[in-house]
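For reference, the chains in residue letters:
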Amino acid sequence: MSANYTSALEQYAALGVDTEAALAALDTIPISLHCWQGDDVGGFEKPGAALSGGGIQATGNYPGKARTLAELRADLDRALSLIPGKHRLNLHACYADLAGKKIDRNEYTADQFQSWISWCGERNMGMDFNPSYFSHPLADDGLTLSHPDAAVRRFWIEHGIACRQIAAEAARQLGSPAVTNFWIPDGSKDLPYDRKSPRERLAASLDEIFAAPVDRALNLDAVESKLFGIGSESYVVGSHEFYLAYAVKHQRLYCLDAGHFHPTEHLGDKISSILQFVPELLLHVSRGVRWDSDHVVLFDDPTRAIMEEVVRGGFLGRTHIGLDFFDASINRIAAWVIGTRSTLKSLLSALLEPAALLRDAEQSGDNTLRLALFEEAKTMPLGAVWEEFCNRRNVPAGPAWMKEVKRYETDVLAKR
Ligand code: RNT
Ligand code: ZN
């Protein structure tokens, strides 16, 4: 134990906070690391695959992006070695390992993901999964599960069912349930006349996908809403109201992405409302800047508010924490490390709140004391506790991790 930590422990103890309990709790919380930060959401279904269509966009051309599955896995390993704790892999279907075979997405089985499942198994990591409703000829017009053409809808329904089965198989092998998250780009750039029919078709498509029997103990379905996207500025079929109502009615997970709401709207206040009525929540921790720009997550007020709500509400057991950002303008491994460490730091900060004092102040109507405590808590020595967590997990505590990233950049990324 460092002198810094011992002193921090005492300062927190004076506020009734047990730093050891906070560290033990943090150690049990997995963050689902999104594979798509490593190659700008390209995937490897064909050589030179790149993100297309789909209402999302990665911007920047920082050198060194992963060009193959092997490179992506090596990069993930490098990032994971700089992130304290035991985490999960969040995989998109477009990262299938096709080994040169021609198989379309509606025919994917666990075989195309076995190398990923084994990769996770070797690292003792769980896996989460995502059907890919973009970067595909049948998604070129920006419509998938709500498409007016029944044949196109059929293809994407089959893809959704396939993904749930793949996730369940991964969960079975890895001994940990997988979340399968449904996000589709469907919407329109300009004003639609008919807002109703696409939503009716989406509801029917989802009903078919979820009717396929997949063990709920292995696979958890989540649905992700969005306010608007690139090319879907005027109308998004899968809006917040649509999916929230769907998730409540069908008792699925609701996925809250921090970049998918009005810029002045934050996720913090939504959590304790939604968890009244859905079984579990999936978070896409992200940082929207003006539009859903998927900037790297920071230890900022909105992220801290999310984690405070999860911790205060006792919701850790019902909340799956995933990351969703894809910045191509900076070192991609550093992006993973900064975003994940910031998420963990936000969680630690929430776990170190003077909860008992705050609750007492509020319950006794002492709002002055409550406000004072909030402010005092902000300058408590969080950094020393974070450093202790990193040290115990054998991960560089301070900015030393950046040296490792720089070295990897010179030795590996610069040669790509
Ligand atoms: C898009 C959604 C979705 C994607 C990933 C790649 O707006 O946020 O979660 O970012 O599935
Ligand atoms: Zn998302």
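Attention here is on the structure that accompanies the text. What you see as residue numbers is a count from 1 along each chain, following the sequence as written. As they are written, the chains are lettered A onward and the ligands numbered 1 onward, keeping that order. Given that this is a predicted model, residues contribute local features only at a pLDDT of at least 70 and side-chain atom pairs are listed and counted only at 80 or more, while totals for whole chains, interfaces and linings are drawn from all residues. In computing side-chain properties, one takes all heavy atoms of the structure into account and sets aside hydrogens as well as water.

Overview of the coordination of the zinc ion (ligand 2)
Then step 1. Distances decide who is a donor: an N, O or S atom must be within 2.8 Å of the metal, or within 3.2 Å for Na, K and Ca. Water is not included, so sites may look incomplete. On the protein side, the zinc ion (ligand 2) has Glu224 (OE), Asp257 (OD), His284 (ND1) and Asp324 (OD) as donor atoms, found 2.1 Å from it.
Then step 2. Key to geometry: four donors with every angle between 85 and 135 degrees are tetrahedral; four donors are square planar and six octahedral where opposite donors lie over 155 degrees apart and all remaining angles lie between 65 and 115; all other sites are irregular. Given 6 donor atoms and angles of 72 to 167 degrees at the metal, the environment of the zinc ion (ligand 2) is assigned as octahedral.
Then step 3. Binding-site remark: the zinc ion (ligand 2) is held by donors from one chain whose sequence spacing is E-x32-D-x26-H-x39-D. Here Asp324 lies in the loop between strand 12 (319-323) and helix 10 (332-351) and Glu224 lies in strand 6 (residues 219-224), a separation of 100 residues in the sequence.
Then step 4. Burial classes follow relative accessibility: with a 1.4 Å probe on protein chains only, a residue under 20% of its type's maximum area counts as buried, one over 50% as exposed, and anything between as partly exposed. You can call Glu224 buried: its relative accessible area is 3%. To qualify as a helix, a DSSP run of H or I must reach at least 4 residues; to qualify as a strand, a run of E must reach at least 2; elements of each kind are numbered from the N terminus.

Overview of the pairing of strand 6
Then step 1. With 6 of 6 residues buried, strand 6 lies mostly within the body of the structure.
Then step 2. Side chains of strand 6 alternate between two faces, with Asn219, Asp221 and Val223 and Leu220, Ala222 and Glu224 buried alike.
Then step 3. Note that strand 4 (residues 178-182) and strand 6 share 5 bridges and pair parallel. Bridge pairing in strand 6 places Ala178 opposite Asn219.
Then step 4. Two strands pair when backbone bridges link them, and strand 6 and strand 8 (residues 253-257) are joined in this way by 3 bridges, in the parallel orientation. Among the inter-strand pairings, Ala222 is bridged to a residue of strand 8, identified as Leu253. Only strands that DSSP links by at least two bridges are regarded as paired with each other.

Considering the pairing of strand 3 (residues 126-130)
Then step 1. Burial within strand 3 is extensive, with 5 of its 5 residues counted as buried.
Then step 2. Neither face of strand 3 is left uncovered, since the one carrying Gly126, Asp128 and Asn130 and the one carrying Met127 and Phe129 both have all their residues buried.
Then step 3. Inspection of the sheet shows strand 2 (residues 88-92) paired to strand 3 by 5 bridges, in the parallel sense. The partner of His92 across the bridge, within strand 3, is Asn130.
Then step 4. Looking down the strands as they point away from you, a crossover is right-handed if its path from the first strand over the helix to the second goes clockwise. Viewed along the sheet, the connection from strand 2 through helix 4 (residues 114-122) into strand 3 turns out right-handed.

A word on the packing of aromatic side chains
Then step 1. The aromatic pairing rule takes the rings of Phe, Tyr and Trp, using the six-membered ring of Trp, and pairs them if the centres are within 6.5 Å, calling planes under 30 degrees apart stacked, those over 60 edge-to-face and the rest tilted. Using the criterion set out here, one finds 13 aromatic pairs in the structure.
Then step 2. Seen from their ring centres, Phe182 and Phe210 are 5.3 Å apart, and the 85 degrees between their planes marks the pair as edge-to-face. In this pair, Phe182 is assigned in strand 4 and Phe210 in helix 6 (residues 196-211), connecting sequence segments 28 residues apart.
Then step 3. Under the relative-accessibility criterion, Phe182 is labelled buried at 1%.
Then step 4. Their ring planes at 85 degrees and their centres at 5.2 Å tell us that Phe242 and Tyr243 sit as a pair that is edge-to-face.
Then step 5. For Phe242, a relative accessible area of 13% translates into the label buried.

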